[in-house]
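# Geometric and topological summary
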Amino acid sequence: RAIEFIAGEILFPDLLKLGSVTTIVGQATLTMPADFEGKLLFCGRDKGQINIKPGVDDIMELDSNFEDVGDVMAVAVMGSTMYYWKSPATATILPILYYKTVTPLVASSDVPSFIPTGDMQEKLIVSKVTMDIFDKIEQGFEGDKVNYLSYKIKLREAIIEARVWIVKRNKNMVKYSTMWSS
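I will try to describe carefully the structure that is included in this document. As the structure is a computational prediction, the values presented were derived from the model and not from experiment.

### As for the overall build of the chain
Within the chain one finds four helices and eight strands. N-terminal to C-terminal, the α/β element order of the chain is α-β-β-β-β-β-α-β-β-β-α-α. Relative to the globule expectation of 16 Å for 182 residues, the C-alpha radius of gyration of the chain, 20 Å, shows a markedly less compact shape. Looking at the chain as a whole, 36% of its 182 residues qualify as buried.

What follows is the structure in structure tokens.
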């Protein structure tokens, strides 16, 4: 659970994946790839980028019956379903850039390959797990949960440190930094 939380808080470059989806004739929805985590960063077609809307209601405002035919002009994702405005007359392949799900750690020797090794892994994972443990231990205490809050601060500091590390090494990712606000 800690790994999924960390991956949701930080846009690690190793979790970005370039793939594609294919529209379905006569339908305005399709199923995203099995490893889709929930963040769609880019959707395109031969004529350029497709507008990614924040919600399905935004697509429904454009065409409440999902009956418009033509080139895909906008998409929205809810869960594992992509909704698109304007259904192509023929099946169309759309390239996508998305954030893939993390591989769960099962064995005691497993390490999260997407988090840089060493100190950063330890700071992020240990802080999150310890914070969760103290949250349970201190449940029902009156006043501040001192240990929980201490590790929450350590986790927040580790997240900021990881984001800075990523931006310094991936200057082209600054565009996505607005996704990192928390």
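The rest of the description comes next.
### Topic: the packing of helix H1 (residues 2-9) against helix H3 (residues 119-137)
Axis angle and axis distance: for two packed helices, these are the angle between their axes and the distance between the axes, and together they describe the pair. Orientation of H1 relative to H3, taken along the N-to-C sense of each, is 120°, at an axis distance of 9 Å. Here the hand of the crossing between H1 and H3 comes out right-handed. Of H3, the residues touching H1 (which contributes Ala-2, Ile-3, Phe-5 and Ile-6) are Leu-124, Ile-125, Lys-128 and Val-129. Partitioned by chemical class, the residues of the contact of H1 with H3 number seven nonpolar, no polar and one charged.

### Quick look at unusual backbone geometry
Even without a glycine there, the phi angle at Lys-86 is positive, about 80°. Note on placement: Lys-86 falls in the loop between strand E7 (81-85) and strand E8 (93-100).

### Some remarks on the pattern of salt bridges
As enumerated under the stated definition, the model contains 10 salt bridges in all. With a closest N to O distance of 2.7 Å, Lys-47 and Asp-71 form a salt bridge. One end of the pair, Lys-47, is in the loop between strand E3 (36-45) and strand E4 (48-49); the other, Asp-71, is in the loop between helix H2 (56-62) and strand E6 (74-78), and 24 residues separate them in sequence. In this structure, the salt-bridge partner of Lys-123 is Glu-161, at a minimum N-O distance of 2.9 Å. Here Lys-123, found in helix H3, pairs with Glu-161, found in helix H4 (residues 146-169); they are 38 residues apart in sequence, far enough to count as distant.

### Remarks on the sheet that holds strand E2 (residues 29-31)
The strand order across the open sheet formed by four strands is E2-E7-E6-E5, and the pairing between neighbours is mixed. At either margin of the open sheet sits one strand with a lone partner, and together these are E2 and strand E5 (51-52). By the bridge criterion, two bridges tie E5 to E6 in an arrangement that is parallel. Along E6, the bridge assignment pairs Asn-51 with Ala-74.

How each quantity is defined
- Each chain carries its own residue numbering, running from 1 in the direction its sequence is written.
- Residues qualify for local features only when their pLDDT is at least 70, as the model is predicted, and side-chain atom pairs are given and counted only at 80 or more; totals for whole chains, interfaces and linings, by contrast, use all residues.
- Note that water and hydrogens are dropped before the side-chain values are worked out from all heavy atoms of the structure.
- Comment: elements are numbered from the N terminus, with helices defined as DSSP H or I runs of at least four residues and strands as E runs of at least two.
- In this setup the radius of gyration rests on C-alpha atoms only. A globule is expected at 2.2 Å times the number of residues raised to 0.38.
- Relative accessibility decides the category of a residue: with a 1.4 Å probe and only protein chains considered, values under 20% of the type maximum give buried, values over 50% give exposed, and everything between is partly exposed.
- Note on geometry: axes are C-alpha line fits, over the in-contact stretch for helices, and angles between N-to-C directions span 0 to 180 degrees.
- In this scheme the crossing of two helices becomes right-handed for a clockwise turn of the near helix relative to the far one and left-handed for an anticlockwise turn of less than a right angle.
- We call two residues in contact when some of their heavy atoms are within 4.5 Å.
- All amino acids are sorted into three groups, where Ala, Val, Leu, Ile, Met, Phe, Trp, Tyr, Cys and Pro are nonpolar, Asp, Glu, Lys and Arg are charged, and the leftover types, Gly among them, are polar.
- The rule for a salt bridge is simple: a side-chain nitrogen of Lys or Arg has to be within 4 Å of a carboxyl oxygen of Asp or Glu.
- Here, a strand pair is defined by DSSP locating no fewer than two bridges between the strands.

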